[in-house]
Amino acid sequence: MSHLSERPEKPVVGVSLPHESATLHVTGTALYTDDLVHRTKDVLHAYPVQVMKARGRITALRTEPALAVPGVVRVLTGADVPGVNDAGMKHDEPLFPEEVMFYGHAVAWVIGETLEAARLGAAAVEVELEEQPSLITLREAIEAESFHGARPVMVTGDIDAGFADSAHVFTGEFQFADQEHFYLETHAALAYIDEAEQVFIQSSTQHPSETQEIVAHVLGLHSHEVTVQCLRMGGGFGGKEMQPHGFAAIAALGAKLTGRPVRVRLNRTQDLTMSGKRHGFHAEWKIGFDADGRIQALDATLTSDGGWSLDLSEPVTARALCHIDNTYWIPNARVAGRIAQTNKVSNTAFRGFGGPQGMLVIEDILGRCAPQLGLDPMELRERNFYQPGLGQSTPYGQPVTQPERISAIWQQVKENGGIADRKREIAAFNAAHPNTKRALAITGIKFGISFNLTAFNQAGALVLIYKDGSVLINHGGTEMGQGLHTKMLQVAATTLGIPLHKVRLAPTRTDKVPNTSATAASSGADLNGAAVKNACEQLRARLLQVAAGQLGSNAADVRIVEGVARTLGSDKELAWDDLVRTAYFQRVQLSAAGFYRTEGLHWDAKAFRGSPFKYFSYGAAAAEVEVDGFTGAYRIRRVDIVHDVGDSLSPMIDIGQVEGGFVQGAGWLTLEDLRWDTSDGPKRGRLLTQAASTYKLPSFSEMPEEFNVTLMENATEEGAVYGSKAVGEPPLMLAFCVREALRQAAAAFGPSGVSVELASPATPEAVYWAIQAARQGDVQGNGHAGNGHAAEDSPRTDAEALTGA
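Here the structure is a predicted model, which is why all the values come from computation and not from measurement.

Points about the overall build of the chain
When you go through the chain residue by residue, the secondary structure sums to 19 helices and 30 strands. Against the 2.2 N^0.38 benchmark of 28 Å for 805 residues, the chain shows a C-alpha radius of gyration of 28 Å, consistent with a compact globule. Once the C-alpha set of the chain is aligned to its principal axes, its extents read approximately 85 × 80 × 50 Å. For the chain, the residues scored as buried account for 62% of the 805 residues in total. Surface exposure of the chain reaches about 28,600 Å², of which carbon and sulfur atoms provide 51%. Each charge sign in the chain was given a centre, from 71 positive and 94 negative side chains, and these centres are 3 Å apart.

Set out below in structure tokens:
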């Protein structure tokens, strides 16, 4: 077993513990960025001047009327920026734009004594616009050939030969939805200037170091003059990886110009209309199978909706390409990626980061093709799994490690869920109920863990031991409710060999741990845990030397377990507090900076080849649904999940992440339907679903009636911290089984062999249209559902639906 994965005697990792802030969360005493306003004197408030047009060039911006509003202190415009007027890492996101690029684009910010004064001031600012043509839908952008950024192509094998060898060839296209993060805490920042003219920013950000970098270049400062702190976030899901930087820069610029603290907090409507979403995608594909239903070749083009600027669209699209294979071996493939530029908010990271979009394409293809091949969808999927012992690699050239886990987890789901018996029960139920149908589907996942950009796979930590034996941890990861801090406390206590109550964790700050990567890509525990472990190991090695001197033994024979140092084979012992105090008087350093870099990664973005991931995370889920044939309404009767988290660092946290990820994925696939005004009227480009009243989120009523989650046992991951695996993103994709079950339930209303084309999100309306098509025996697919976006796209034509050759 590797040094990094080996667990010592009586570890604190692996113990089921509640979230370290759980009590604070449920009692309302946990502090978030905006709570600090009430603890800060003389705070000013910033409010955006949004232009309600989809696109246009600003011909006049008059701020004088705002300055006449009582309580308005200042109006911020591009003329006030001392550094670089840009809020993005690609230098394509002007903080104060000269051209409006989406409906609700902020072109100036008003600073007021109160939020109401700032709001009234913003309403008084006069903006004149020369309107220009806009592209709102993904289809419009594709037809106009409006693309930006890289256009990667992933190639493996020989697709021409693959198709020539195929007994069955199918073609089709698929467009599926974007998704709103809808974190509980909207974007927020609070900035002030200290007595040395240094800038200090409290920000709800997943990437404090990048927030620091952006603020510094906007203000024309060096990074050491800017400190960013993140106490905690009320949810992030990727929406606070890149997008907080501009809001923090507004607060910092306001504080610099007024000399007073400035607060930015978006209300829900502003957050929805100004911040990016998960990328919606369009896929065009051609797939070939042999006579036994094994994939021979895949040719596909994936187009992501990037919105008006690049943000993280390039790596999102790249990860989508890297995950189109999911759990299936595709010997011959050509998959192209491109990013559409539309006049909508700039889409950004969202849990899964392109992985769900790529995997959804192949799952949709298999779900649509199975009936055409005369195979049960479960059987079709099983036949195409990566197999152990064959040395199979992904289409981008990375060997698939632990492929045996794909089948093992799949079989465990079938056993745990009693799938064979339940399928017979469902068949009997469907035969007896002409207007209600049930279906059961299983889908699996293979998700690569690490940042695609190799440089991001590094982390630091600072661990301090005080004379009284208490320990303080600083690390570069941020807490957004996912339990990262809980795991880091457990890692530190385990490595030092002390009880958990001895360890406290400090808020994430750029002046404690520099140059950190975002808490994203499911890498938070892997990277920061290894860095914390490294720092603690340095400290433990020093303390073992001190203990050996006190106990009269060799350091190699000393163990620190549960806060007591003992020599092997001896009754002598030394309490942790006494050991630390002795070390202090011996002038032994009691602080350590830890560091970790993920080894074995390499990636050639131009060739689209390499091994960008440290390992793969696996899982499988079975969902049973019941669908009403009159309305398309449905309920999830039961879900069974088996998921691979290696040897869990914190089982209660991990099970919570699996449950939460699954429900969020089910929301994306079945409920959450972002609508935009695509008319040629004055509100073209307006987001129509601007609140929870019009954007349906999963609630208790959408939870499975029976929900069983099992973590895979005996699943140690060599080379990862204490044998664990990442958990944040992979479970979201387990929800594919819900959509596939809905497809099969809709098909059950028609003759056998019907291929159902199902929109995504598969809302009750979309399911109803799929049922209607199935009843008509429409094996060409569903010409009504389109992509579920009645406000965005026209319905599909038969020529665009699934065709067999």
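Details of the confidence of the model for the chain
Looking at the chain, pLDDT values average 95 and 96% of them are 70 or higher. Between residues 779-805, whose pLDDT stays under 50, and residues either more than four places distant or in other chains, the model counts 83 contacts.

Topic: the pairing of strand β28 (residues 634-643)
Of all ten residues that make up β28, eight are buried, and the element is covered over most of its length. Relative to β28, strand β27 (residues 615-628) runs antiparallel, the two sharing nine bridges. Each residue of the ladder has a partner; that of V627, found in β28, is Y634. Sheet topology note: the β28/strand β29 (residues 706-711) ladder contains six bridges and is parallel. Opposite I641, over in β29, you have V709 as the bridge partner. Note on the crossover from β28 through helix α17 (residues 651-670) to β29: the handedness is right-handed.

Comments concerning the sheet that holds strand β22 (residues 564-567)
Read from one edge of the open sheet, three strands run β21-β22-β23, paired in antiparallel fashion. Edge positions in the sheet fall to β21 (558-561) and β23 (573-575), since each of these pairs with one other strand and no more. On average, each strand axis in the sheet is tilted by 20° relative to the strand beside it, whichever way the strands run. Note that β21 and β22 share four bridges and pair antiparallel. Looking at the pairing, I560 lines up with A565 of β22. Each of β21, β22 and β23 touches helix α15 (residues 524-551); the most contacted strand, β21, lies at about 115° to it.

Quick notes on the packing of α15 against helix α16 (residues 576-585)
How two helices pack is summed up by the angle between their axes together with the distance between the axes. As a packed pair, α15 and α16 sit with axes 10 Å apart at the nearest point and diverge in direction by 100°. Judged on the interaxial angle alone, α16 and α15 are roughly perpendicular. Taking contact as the criterion, the partners of L543, V546, A547 and Q550 in α15 are, on α16, W576, L579, T582 and A583. Looking at side-chain class alone, the contact of α15 with α16 contains six nonpolar, two polar and no charged residues.

Considerations on the packing of aromatic side chains
Overall, the coordinates contain 18 aromatic pairs when judged by the stated rule. Note on F182 and Y695: the rings are 6.3 Å apart at their centroids and 5° apart in plane angle, and the pair reads as stacked. Taken together, the residues F182 in the loop between β8 (168-176) and β9 (188-193) and Y695 in the loop between α17 and β29 connect sequence positions 513 residues apart. Of the two residues examined, F182 and Y695, each falls in the buried class. For the pair Y396 and F613, a centre-to-centre distance of 6.0 Å together with 80° between the ring planes defines the contact as edge-to-face. Separated by 217 residues along the polypeptide, Y396 in the loop between α11 (377-383) and α12 (404-416) and F613 in the loop between β26 (609-611) and β27 bring together distant segments of the chain. Using a relative accessible area of 0% as the deciding quantity, one classes Y396 as buried. Taking relative accessible area as the criterion, F613 reaches 2% and is therefore assigned buried. An aromatic cluster of at least three residues, connected via ring pairs, comprises Y396, W603, F608, F613 and F616. Over the ring of F350 we find R278, and its NZ or CZ is 4.3 Å from the ring centre.

Some details on α16
Listed in full, the buried residues belonging to α16 are W576, L579, V580, T582 and A583. An end-on view of α16 places all buried positions within 160° of arc, on one side of the element. R587 occupies a position one or two residues after α16 and carries a positive phi of about 60°.

Examining the nonpolar core
In terms of nonpolar packing, the biggest core is built from 105 residues, with I287, F289, L302, V627, I641, F662 and L742 touching the most fellow members. For F662, the residues in contact, after removing those within four places along its chain, are A621, V639, I641, P704, F707, P731, L732, L734, A735, C737 and V738. Grouped together as the second largest cluster of nonpolar side chains are 53 residues, F451, V503, A530 and I560 included.

Digging into the pairing of strand β24 (residues 591-597)
Burial of β24 is one-sided: the residues A592, G594 and Y596 facing one way are buried, the residues S591, A593, F595 and R597 facing the other way are not. Looking at chain direction, strand β17 (residues 458-465) and β24 are connected through seven bridges and run antiparallel. Within the sheet, the bridge partner assigned to Q458 lies in β24 and is R597.

Comments concerning the pattern of salt bridges
Under the criterion given, the structure shown has 57 salt bridges. Across the pair K725 and D644 runs a salt bridge whose closest N-O atoms are separated by 2.5 Å. Of this pair, K725 sits in the loop between β29 and α18 (736-747) while D644 sits in the loop between β28 and α17; the two residues are 81 residues apart in sequence, bridging distant segments of the chain. Judged by relative accessible area, which is 0%, D644 ranks as buried.

Here we look at the side chain of H475
The topology assignment puts H475 in strand β18 (residues 471-475). Judged by its relative accessible area of 2%, H475 is buried. For H475, the side chain forms a polar contact with the main-chain nitrogen of G477, separated by 2.9 Å. Within polar-contact distance, the side chain of H475 engages the side chain of H485 at 3.1 Å.

What counts and how
Residues numbered from 1 in each chain as written. Predicted model: local features only at pLDDT ≥ 70, side-chain atom pairs only at ≥ 80, totals over all residues. Heavy atoms only, no water. Helix = DSSP H or I, 4+ residues; strand = E, 2+ residues; numbered from the N terminus. Rg over C-alpha atoms; globule rule 2.2 N^0.38 Å. Buried < 20%, exposed > 50% of the residue type's maximum accessible area, 1.4 Å probe, protein only. Areas by Shrake-Rupley, 256 points an atom, 1.4 Å probe, with all protein chains shown as cover. Lys, Arg positive; Asp, Glu negative; His and termini not counted. Charge placed at Lys NZ, Arg CZ, Asp CG, Glu CD. pLDDT = per-residue confidence, 0-100. Contact = heavy atoms within 4.5 Å. Pairing = 2+ DSSP bridges. Right-handed = clockwise from strand over helix to strand, strands pointing away. Axes fitted to C-alpha atoms, helices over the stretch in contact; angles between N-to-C directions. Parallel < 35°, antiparallel > 145°, perpendicular 65-115°, else oblique. Nonpolar A, V, L, I, M, F, W, Y, C, P; charged D, E, K, R; others polar. Phe/Tyr/Trp six-rings, centres within 6.5 Å; stacked < 30°, edge-to-face > 60°. Lys NZ or Arg CZ within 6 Å of the ring centre and 35° of its normal. Arc of directions from axis to C-beta. Core = buried A, V, L, I, M, F, W, Y, C linked by side-chain atoms within 4.5 Å. Salt bridge = Lys/Arg side-chain N within 4 Å of Asp/Glu carboxyl O. Polar contact = N/O pair within 3.5 Å; in protein donor to acceptor, adjacent residues only side chain to side chain.

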